[in-house]
Amino acid sequence: MRPRLHLVHIPFILCLLYLSALRASGQQLQPVRLRCEQLTDPLGIDAEHPRLSWQLSDDRNGALQQAYSIVVGIDTVAVAGGHGDHWESGRVEGAAQLVTYAGKALAPFTRYYWRVAVWDKDGHPGTARMGHFETGMMGSHHWKGAWISDGNDIQLRPAPYFRNTFAARKAIKSARAYIAVGGLYELYINGQRIGDHRLDPMYTRYDRRVLYLTHDVTAALQAGDNAIGVLLGNGWYNHQSTAVWYFHRAPWRNRPVFCMDLRITYMDGSVETLSTNEHWKTSLSPVIFNSIYTGEHYDARKEQEGWSTAGFNDSSWRPSMVRAAPAQQIVSQAMTPIREIARIPSVRMQALNDTTYLFDLGRNIAGVSHLRVSGPAGTVVRLKHGERLRKDGHVDQSNIDAHYRPTDQSDPFQTDLFILRGKGEEEFMPRFNYKGFQYVEVSASHPLRLTRESLEGREWHSDVGVSGYISSSNPVINKIWAATNNSYLANLFGYPTDCPQREKNGWTGDAHIAVETGLYGFDAITVYEKWLADHRDEQQANGVLPAIIPTSGWGYQWANGPDWTSTIALIPWNVYLFYGDTTLLAACYDHIKRYVDHITDLSPAGLTAWGLGDWVPVKSVSPVELTSSSYYFADTRVLALAAELLGKSADAVKYQALSEKIRDAINRKYLDTATGRYGKGWQTELSVPLFWGIVPAALKAKTAALLASRVAADSFHLDVGILGARAVLNALSENGYADIAYQVAAQRTYPSWGWWIENGATTLYENWNIAAMQDISLNHIMFGDINAWLYKGIGGILPDSAAPGFRHVLLKPHFVKGLAHFEARHMGPYGEIRSTWKRQGQRIIYEVSVPAGSYATVYFPAGKVSLAGKGIATDKDHRYTIPAGRYQFEVREGGVI
Ligand code: BGC
């Protein structure tokens, strides 16, 4: 019997009374979470028309913004008073909470204050709030410094130090360091490391685009003598390790190089810029080897005490050499940085012998080890990292070192070397490398005494804000959700990667599969914006993209079909859906078009077999042509929709027609119109066309029924690779089989996500088969769409492309059999959306929060619906639209109201 609905009394009536008393005062309403370019009070903004956004803090049901006004100026007092010398938008009617700056031209190196005032739905003003942003270089011509390096050969191993000194003769008001680097850097002023980022700048296609950072260094400077120190690492710029992707032969490869302007504003208003030039001195550092891919070697005996302080004697240091800039585009790194996220104590330590210890962090992470140790000078300590142990308790790297091609023994995989100075307790942590690992085997050339506390994991990744939460009555589901988050984050280092150990490659396919999981769970827009700029840098004139981005050149010929490189369309489209922001879509529009046109040139009939297909399947293999053509269709749909959005109507018509042609070609070849079956009817073959909207409306029910019985015939287990895994749960739950989708998602035996969890996984794996001999990294995100499905398929939280950024929230919860309660939350641009349900006897209590400024449509099962005890009319599809607020519904399964 179908469940029927009715509503319980809304428990917020008292609260509402109280709130309406507050209303007149306007105290309640205020803009919060002010952001510029999707960042909080950022420095170094290069955008000429930065985006400004905010949320409304307004707890009242029905809260809406009737109008807003923005002022922008350089005088904080005037701006606070509502006057902006650069922009006064005036009162603008409407609900927009993301606005593009439209005032006077912005100048470089300038702090702008902005103030947003809002009016509530009754026209009452709220409390205005202020934010600020600071412009950066705004164009390469504003740089004063020269690019310098130490001029050594690319094969030379030790990392270079650079230093310079200057005297501040006047009182300093503020100071900014602008630093652009080919490679990685750490900046020091007067002996102090600046900032808390790791692995700056982010990896780009260095010969096309190099990123610069802006640091506020006011507090680090002092009156009188000052010293600036820079330590450069190789990163992906000077890849000395050798692996199958040829990064050691990258066209940009060179000795690390940097350019820096230290811009000091004195109290008297004068400005002085101290820049890099040939007079900066350089020396080799104790970092005797560093590879982003393999590890870092540090010889503490080579430390130079005080090297970045003014009093240091640098007479033995050499002058620097002026070099060409690596690229024409030197662009601000306006994005969430990588940081140390957590310190993870070892849960276990085992002495394997008197020189070898095994540390276990208890979970798989991306990051580095931090070691505390004392021993005689010259003792060589090796820290070997891995995800597995051999039977004898030693670290086993055989599942992750397959693509490494060392030329000798001097650069061991995922291994750091620390050579002791021999003076008391010493600390080691690499700066220019990270790894994927749970276990660290520490071995020394001389017996050492270590304790469990000697080694800690330091978890690193792009420090994106958390924007999602799932909790359910099934611990396996909760663990899958956590493991998926772990793998998503362990694979976010300024660009999405496939795995943090074996490759660290920006694999396109893995990333578009994980994009919804990423955007439901994390505030990752700035990482995607940066990575799509990398796409634009890498795209060939003919539209072709490489399979990994950035690349040294590898991947333009293999694995780069539409099933992988559809990132160019799918990621901007999802960013638009989740943030209601068209910036990225507009920036990528011509690139999506070139990409789609290229596939059309290759495949004029509408079908393409270009691609890898359903990668790492369980058993059944689906035709590559079916899956690749489905992605070609999806990209063409995105292009048509984007064209419509961006007012390119001729393109909209053209690509809509093309998408229909592709869809028809797929259906003509693969669909049996009598039965609704695609191909042989494998899970991937049925679910991919369902998920991407290829199945003709009249046949959807048949195809979905076939999928449901196929899954039942597979005893409710998966029979998919990564393309099918993205589609199968959605295809089931969107077409009336949510219970079956849940049964598959919650499986605990092979093959399933739960099977990994049952075997102790804290991250997602690369292969359903844990005993596989290859493709078995233990930290891949490519099977990670399950988290997005939890938000959608059970929690029911969905964006609406017609009112994106969750301005209109679609709520389609599924009260699936087998769960007692389920909670999904997502922090969208308007605030937190909550969709949560629990069983109470025969009833289901369904609670919803819709943030101020937005509204939602709840999709109910057929039946009577009442609100606060009163019957309400849903539309013919049983939908009911609610304004912002909190609601509680009651569903009586199988009962009548
Ligand atoms: C990577 C992937 C990737 C695949 C495609 C693997 O080596 O780790 O995740 O998508 O290759 O070929």
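Predicted, not measured: the structure shown is a model, and the values here were computed from it.

Draft legend 1. Highlighting the overall build of the protein. Helix and strand counts for the protein stand at 17 helices and 48 strands. In terms of overall dimensions, the protein is globule-like: its C-alpha atoms have a radius of gyration of 29 Å, near the 29 Å expected for 897 residues. For the C-alpha atoms alone, the extent of the protein along its principal axes is close to 90 × 70 × 55 Å. When each of the 897 residues of the protein is scored for burial, the buried share is 61%. Of all intrachain contacts in the protein linking residues separated by at least 6 positions in sequence, the fraction that spans at least 24 positions is 75%. Carbon and sulfur atoms make up 51% of the accessible area of the protein, which totals about 31800 Å².

Draft legend 2. Examining the sheet that holds strand E20 (residues 281-284) more closely. One open sheet holds the six strands; their spatial order is E14-E13-E17-E11-E20-E23, and the pairing between them is antiparallel. Only two strands of the sheet have a single partner each, and these edge strands are strand E14 (192-193) and strand E23 (318-319). The pairing of E20 with E23 spans two bridges and is antiparallel. Paired with lysine 281 across the strands is proline 319, a residue of E23.

Draft legend 3. The arrangement of the site of the ligand in detail. Looking at the ligand, the residues that line it are Asp498, Arg502, Glu503, Trp507, Asp510, Trp558, Trp564, Leu612, Trp615, Glu766, His780 and Met782. Between the ligand and arginine 502 there is a distance of 2.7 Å, counted from an oxygen atom to a side-chain nitrogen or oxygen. The side chain of glutamate 503 places a nitrogen or oxygen atom 2.5 Å from an oxygen atom of the ligand. A per-class count over the shell around the ligand returns six nonpolar, one polar and five charged.

Draft legend 4. Examining the sheet that holds strand E7 (residues 98-100) more closely. Spatial ordering of the open sheet is given by E2-E3-E7, a layout of three strands whose pairing is antiparallel. A strand with exactly one partner marks an edge of an open sheet, and here the two such strands are strand E2 (30-36) and E7. Averaged over all pairs of adjacent strands, the angle between their axes in this sheet comes to 25 degrees, without regard to strand direction. Pairing analysis gives five bridges linking E2 to strand E3 (residues 51-57), with the strands arranged antiparallel. Across the sheet, the residue bridging to glutamine 30 is serine 57, located in E3.

Draft legend 5. Structural context of the side chain of serine 629. Structurally, the position occupied by serine 629 is in helix H10 (residues 624-645). With relative accessibility at 0%, the residue serine 629 sits in the buried group. Within the structure, serine 629 has its side chain in polar contact with the backbone oxygen of glutamate 625 (distance 2.6 Å). Not counting residues within four places of it along the chain, the set of residues in contact with serine 629 comprises Gly606, Leu607, Thr608, Val624, Ile662 and Ile666.

Draft legend 6. Structural view of the side chain of aspartate 635. Here aspartate 635 shows up in helix H10. No salt bridge is formed by the buried aspartate 635. Its closest oppositely charged neighbour is arginine 726, at 9.8 Å.

Draft legend 7. Representation of unusual backbone geometry in the model. Omega for the bond connecting aspartate 200 with proline 201 falls within 30 degrees of zero, at -15 degrees, which places this linkage in the cis form. On the secondary structure map, proline 201 appears in the loop between strand E15 (197-198) and strand E16 (209-216). Residue proline 550 follows isoleucine 549 across a cis peptide bond; omega there is -5 degrees. Counting through the fold element by element, proline 550 comes out in the loop between helix H6 (525-538) and helix H7 (562-565). Despite not being glycine, phenylalanine 109 has its phi angle at roughly 55 degrees, a positive value. As for its position among the elements, phenylalanine 109 is in the loop between E7 and strand E8 (111-120).

Draft legend 8. Region of interest: the pairing of E16. Of all eight residues that make up E16, seven are buried, and the element is covered over most of its length. Relative to E16, strand E12 (residues 172-182) runs antiparallel, the two being bridged by five bridges. Bridge pairing in E16 places alanine 180 opposite tyrosine 212. The pairing of E16 with strand E25 (residues 329-332) spans four bridges and is parallel. Note on E25: the bridge partner recorded for arginine 209 is glutamine 329.

Draft legend 9. Here's a closer look at the packing of aromatic side chains. Here the structure, examined in full by the defined rule, presents 49 aromatic pairs. Relative to tryptophan 317, the ring of tyrosine 161 lies with its centre 5.9 Å away and its plane at 0 degrees, an arrangement referred to as stacked. Residue tyrosine 161 is found in strand E11 (residues 160-168), and its partner tryptophan 317 is found in the loop between strand E22 (295-299) and E23; the two are separated by 156 residues along the sequence. Both residues of the pair, tyrosine 161 and tryptophan 317, belong to the buried class. Every member of this aromatic cluster is reached through a ring pair, and the members are Tyr203, Tyr206, Trp236, Tyr237, Phe247, Trp252 and Tyr495. The ring of tryptophan 119 has arginine 91 sitting right over it, with the charged end atom 4.7 Å from the ring centre. Geometry around tyrosine 434 places lysine 504 over its ring, the cationic atom sitting 4.7 Å from the centre.

Draft legend 10. Quick peek at the environment of glutamate 425. Its location among the elements puts glutamate 425 in the loop between strand E32 (415-419) and strand E33 (426-428). Assessed through its relative accessible area of 55%, glutamate 425 is described here as exposed. Sequence separation of glutamate 425 and glycine 679 is 254 residues, and the distance between their C-alpha atoms is 66 Å. With near-sequence residues (within four places) excluded, glutamate 425 lies in contact with Arg372, Val373 and Ser374.

Draft legend 11. Molecular detail of helix H8 (residues 567-579). The terminal C-alpha atoms of H8, which comprises 13 residues, lie 17 Å apart, in line with the 18 Å expected from a rise of 1.5 Å per residue. Counting buried positions over the 13 residues of H8 gives 13, a clear majority of the element. Of the residues flanking the end of H8, it is glycine 580, one or two places downstream, whose phi is positive at about 60 degrees.

Draft legend 12. Structural detail: the packing of H6 against helix H9 (residues 583-602). Between H6 and H9, the shortest axis-to-axis distance is 11 Å and the interhelical angle comes to 15 degrees. It follows from the interaxial angle that H6 and H9 lie roughly parallel. Crossing hand, H6 versus H9: left-handed. Of H9, the residues touching H6 (which contributes Tyr528, Glu529, Leu532 and Arg536) are Leu584, Ala587, Cys588 and His591.

The rules behind each value
Residues numbered from 1 in each chain as written. Predicted model: local features only at pLDDT ≥ 70, side-chain atom pairs only at ≥ 80, totals over all residues. Heavy atoms only, no water. Helix = DSSP H or I, 4+ residues; strand = E, 2+ residues; numbered from the N terminus. Rg over C-alpha atoms; globule rule 2.2 N^0.38 Å. Buried < 20%, exposed > 50% of the residue type's maximum accessible area, 1.4 Å probe, protein only. Contact = heavy atoms within 4.5 Å. Areas by Shrake-Rupley, 256 points an atom, 1.4 Å probe, with all protein chains shown as cover. Pairing = 2+ DSSP bridges. Near = heavy atom within 4 Å. Polar contact = N/O pair within 3.5 Å; in protein donor to acceptor, adjacent residues only side chain to side chain. Nonpolar A, V, L, I, M, F, W, Y, C, P; charged D, E, K, R; others polar. Axes fitted to C-alpha atoms, helices over the stretch in contact; angles between N-to-C directions. Lys, Arg positive; Asp, Glu negative; His and termini not counted. Salt bridge = Lys/Arg side-chain N within 4 Å of Asp/Glu carboxyl O. Phe/Tyr/Trp six-rings, centres within 6.5 Å; stacked < 30°, edge-to-face > 60°. Lys NZ or Arg CZ within 6 Å of the ring centre and 35° of its normal. Expected span 1.5 Å × (residues − 1). Parallel < 35°, antiparallel > 145°, perpendicular 65-115°, else oblique. Left-handed = near helix turned anticlockwise from the far one by under 90°.

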